[in-house]
Amino acid sequence: MSHKSPKDFFAPLAVGAPAPVREIPFRPSRAIHFFDPSNPKMVDKIPQMVGTVDVLLGNLEDAIKADNKLAAREGLVQIAQATAGLGGQSGPTQLWTRINALDSPWALDDLTTLVPAIGDKLDVIMVPKVQGAEDIHYVDRLLAQLEAKAGLTRPILIHAILETARGVANVEEICGASPRMQGLSLGPADLAADRKMKTTRVGGGHPGYLVREDAPRDAEGAYAYDADRFRFQQDLWHYTIAKMVDACATHGIYPYWGPFGDIKDTVACEDQFRNAFLLGCVGAWSLHPVQIEIANRVFSPSVEDIRHARRVVAAMGDGTGAVMLDGKMEDDASLKQCLVLVELADQLAAIDPKLKELYDGIEIEEA
Ligand SMILES: CC(C)(COP(=O)(O)OP(=O)(O)OC[C@H]1O[C@@H](n2cnc3c(N)ncnc32)[C@H](O)[C@@H]1OP(=O)(O)O)[C@@H](O)C(=O)NCCC(=O)NCCSC(=O)C[C@H](O)C(=O)O
Ligand SMILES: [Mg+2]
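Residues numbered from 1 in each chain as written. Chains lettered and ligands numbered in written order. Predicted model: local features only at pLDDT ≥ 70, side-chain atom pairs only at ≥ 80, totals over all residues. Heavy atoms only, no water.

The protein chain has the name CoA ester lyase in an unreviewed UniProt entry, where Nocardioides eburneus is given as its organism. Word for word, the UniProt comment on the protein chain under Cofactor (unreviewed entry) is "Mg(2+)". (UniProt positions renumbered as here; feature names shortened; annotations may be inferred.)

Now the structure itself:
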């Protein structure tokens, strides 16, 4: 594969296109809430959701019936034009879309319709089923041409869904394919199908994917294989999340868990989101209004975490050396972890008044 020279990487890909960003700004995106712009009931709820969710995503791909593809695309244009506070630099809620797959009959028209009509409002375009850098290069060049034609002054960012085996194998080159790359989401349903995993769910675990406690021995020392033994369900997604997080961190972009399809199981949804948060993800998809609150809570550091993190920061003084705090050693490396949490809390408090009040009210006892 050929790579651009460093001097060309940040050059606009079309005459008159906005200059690519050199750094992807952190904007809170704890929940990326999916809605179908062709569904009147969902569309009715969008204006009142602005300000309560970090990202509203008009979905054009899977879950939109083929007969509704045009209505969804046109519906998204209308919503973006009519909804105050949605999308663009200043709104409290970002506007994203998920376009159709690049090999579908709809993807080209998705881009050529949306960019001229609402390119100034669209913050991020999510591209499904990305296989390698070539898919990002295609969207990158086309976006530059469309932005130049529309006279846009701000580049639209690209988010890729990791949902094919080849995409996972090529995750590094996908992350580094363009300065527009904002982040990656893990799409567990398509990925499971593409890998020929023997599952039927949209995210979550599987009772058969487990590790069993060793068999106990009887009085003669023989193994009692049919004894009751603890079983520990394992995480089907650990490897892929970790691989995605490392690739995103390497390239300075943001990783996300994707969908959790068992809408009624809010407990397991929270577990899935928390695993992703702990491993380094900044948000997850919300498919139903009930999942927004879960994502907002899970992807915001807890009061206990921030209290502890601030105590470590205070105890570490100039940030070097080692100290004992509550019987545990803290040093430069644990300080850096604490600073990740403190910085995230500051960024979230800047857009969420309730969190600001919560974090401002934390009192720290002397170490
Ligand atoms: C999952 C749903 C089909 C459930 O819909 P429904 O049965 O209508 O749920 P409720 O009756 O509980 O809904 C209550 C009211 O809330 C509205 N509603 C529901 N969902 C949303 C929403 N996402 N945004 C806004 N409003 C919503 C209902 O209309 C009800 O309204 P009312 O009757 O006036 O009270 C549905 O939630 C849904 O379709 N969600 C989105 C699904 C989706 O986007 N799927 C695609 C993403 S996942 C994926 O693609 C897989 C991934 O790519 C991978 O490979 O892993
Ligand atoms: Mg998918």
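Here the structure, examined in full by the defined rule, presents nine aromatic pairs. Here Trp96 and Tyr256 contribute two aromatic rings whose centre-to-centre distance is 6.0 Å and whose plane-to-plane angle is 80°, an arrangement assigned as edge-to-face. With Trp96 in strand 3 (residues 94-98) and Tyr256 in strand 9 (residues 254-257), this residue pair connects regions lying 160 residues apart in the sequence. Accessibility classification places Trp96 together with Tyr256 in one group, the buried group. Ring-pair connections join several aromatic residues into one group, and the members of that group are Phe273, Phe277 and Phe299. Positioned above the aromatic ring of Trp106 is the side chain of Lys69, whose terminal nitrogen or guanidinium carbon lies 4.9 Å from the ring centre. (Phe/Tyr/Trp six-rings, centres within 6.5 Å; stacked < 30°, edge-to-face > 60°. Helix = DSSP H or I, 4+ residues; strand = E, 2+ residues; numbered from the N terminus. Buried < 20%, exposed > 50% of the residue type's maximum accessible area, 1.4 Å probe, protein only. Lys NZ or Arg CZ within 6 Å of the ring centre and 35° of its normal.)

The next subject is the pattern of salt bridges. One pass over the full model with this rule turns up 18 salt bridges. With a closest N to O distance of 2.7 Å, Asp110 and Arg73 form a salt bridge. Taken together, the residues span a long stretch of sequence, with Asp110 in helix 4 (residues 107-118) and Arg73 in helix 3 (residues 69-82) at a distance of 37 residues. Here Asp110 and Arg73 have matching classes, each one buried. Within the structure, one salt-bridge network assembled from shared partners comprises Glu61, Asp62, Arg98, Lys129 and Asp190. (Salt bridge = Lys/Arg side-chain N within 4 Å of Asp/Glu carboxyl O.)

What follows is about the site of ligand 1. Contacts to ligand 1 come from 19 residues, most closely from His33, Lys45, Ala189, Leu287 and His288. Here a nitrogen atom of ligand 1 and a side-chain polar atom of His33 are 2.8 Å apart. At the level of secondary structure, the elements contributing two or more residues to the shell around ligand 1 comprise strand 1 (31-35), helix 2 (40-49) and helix 8 (188-195). Tallied by class, the residues present in the shell around ligand 1 amount to nine nonpolar, four polar and six charged. (Near = heavy atom within 4 Å. Polar contact = N/O pair within 3.5 Å; in protein donor to acceptor, adjacent residues only side chain to side chain. Nonpolar A, V, L, I, M, F, W, Y, C, P; charged D, E, K, R; others polar.)

What follows covers the coordination of the magnesium ion (ligand 2). Octahedral metals with six donors have ideal donor angles of 90 or 180 degrees. Tetrahedral metals with four donors have an ideal donor angle of 109.5 degrees. Protein coordination at the magnesium ion (ligand 2) comes from Glu163 (OE) and Asp190 (OD), with a distance range of 2.0 to 2.2 Å. Separated by 27 residues along the polypeptide, Glu163 in the loop between strand 5 (157-162) and helix 6 (165-169) and Asp190 in helix 8 bring together distant segments of the chain. (Donors = N, O, S within 2.8 Å, 3.2 Å for Na, K, Ca; no water.)

Owing to its 3.6 residues per turn, the α-helix brings residues three or four apart onto one side. Over its 18 residues, helix 5 (residues 133-150) runs 25 Å from end to end, which matches the ideal 26 Å to within 8%, given 1.5 Å per residue. Residues of helix 5 that are buried include every one of Ala133, Asp135, Ile136, Val139, Asp140, Leu142, Leu143, Ala144, Leu146 and Glu147, and no others. Of the surrounding secondary structure, the elements contacted by the buried residues of helix 5 are helix 4, strand 4 (124-127), strand 5, helix 7 (171-175) and strand 6 (181-186). Immediately downstream of helix 5, the backbone of Gly151 shows phi near 70°, a positive value. (Expected span 1.5 Å × (residues − 1). Contact = heavy atoms within 4.5 Å.)

Turning to the packing of helix 12 (residues 303-315) against helix 13 (residues 332-349), a few remarks are in order. Running from amino to carboxyl end, helix 12 crosses helix 13 at an angle of 125°, the nearest separation of the two axes being 9 Å. With respect to helix 13, the element helix 12 is oriented oblique. Our pair here, helix 12 against helix 13, has a crossing hand that is left-handed. Where helix 12 approaches helix 13, its residues Asp305, Ile306, His308, Ala309, Arg310, Val312 and Val313 are matched on the opposing element by Leu335, Cys338, Leu339, Leu341, Val342 and Ala345. Across the contact of helix 12 with helix 13, the residue classes break down as ten nonpolar, one polar and two charged. (Axes fitted to C-alpha atoms, helices over the stretch in contact; angles between N-to-C directions. Parallel < 35°, antiparallel > 145°, perpendicular 65-115°, else oblique. Left-handed = near helix turned anticlockwise from the far one by under 90°.)

Our focus in this paragraph is unusual backbone geometry. One non-glycine residue, Ala63, lies in positive phi territory at about 90°. Along the chain, Ala63 falls in the loop between strand 2 (55-59) and helix 3. Given the relative accessible area of 76%, Ala63 is considered exposed. Although it is not a glycine, Asp326 adopts a positive phi angle of roughly 50°.

Across the interface, helix 3 lies against helix 4 with an axial gap of 10 Å and an inter-helix angle of 15°. Accordingly, the angle class assigned to the pair helix 3 and helix 4 is roughly parallel. Considering the relative orientation of helix 3 and helix 4, their crossing is right-handed. Contacts from Arg73, Leu76, Val77, Ala80 and Gln81 of helix 3 reach helix 4 at Asp109, Asp110, Thr113, Leu114, Ala117 and Ile118. For the contact of helix 3 with helix 4, the per-class residue count stands at six nonpolar, two polar and three charged.

Glancing now at the layout of surface pockets. Approximately 1,300 Å³ is the volume found for the largest pocket. Lining the largest pocket are 47 residues, and of these Phe277, Phe299, Pro301, Leu344 and Leu348 sit closest to its centre. Elements with a contribution of two residues or more to the lining of the largest pocket: helix 9 (238-251), strand 9, helix 10 (266-279), helix 11 (290-298), helix 12, helix 13 and helix 14 (353-360). It is helix 13 that contributes the most residues to the lining of the largest pocket, seven residues altogether. Class assignment of the residues belonging to the lining of the largest pocket gives a composition of 27 nonpolar, ten polar and ten charged. (1 Å grid on protein atoms, 1.4 Å probe; cavity = no way out; pocket = protein on both sides within 12 Å on 5 of 7 lines; lining within 4 Å. Points joined across faces, edges and corners; volume = space filled by probe spheres on them.)

Turning to the sheet that holds strand 2, a few remarks are in order. Strands sit in the order 1-2-3-4-5-6-9-10 around a closed barrel of eight strands; the barrel is parallel. Each adjacent strand pair in this sheet contributes to an overall mean axis angle of 25°, direction not counted. As defined by bridge partners, strand 4 adjoins strand 5 across four bridges and the pair is classed as parallel. If you follow Met126 over to strand 5, its bridge partner there is His159. Those strands touched by helix 5 are strand 4, strand 5 and strand 6, and its axis lies near 160° from that of strand 5. (Pairing = 2+ DSSP bridges.)

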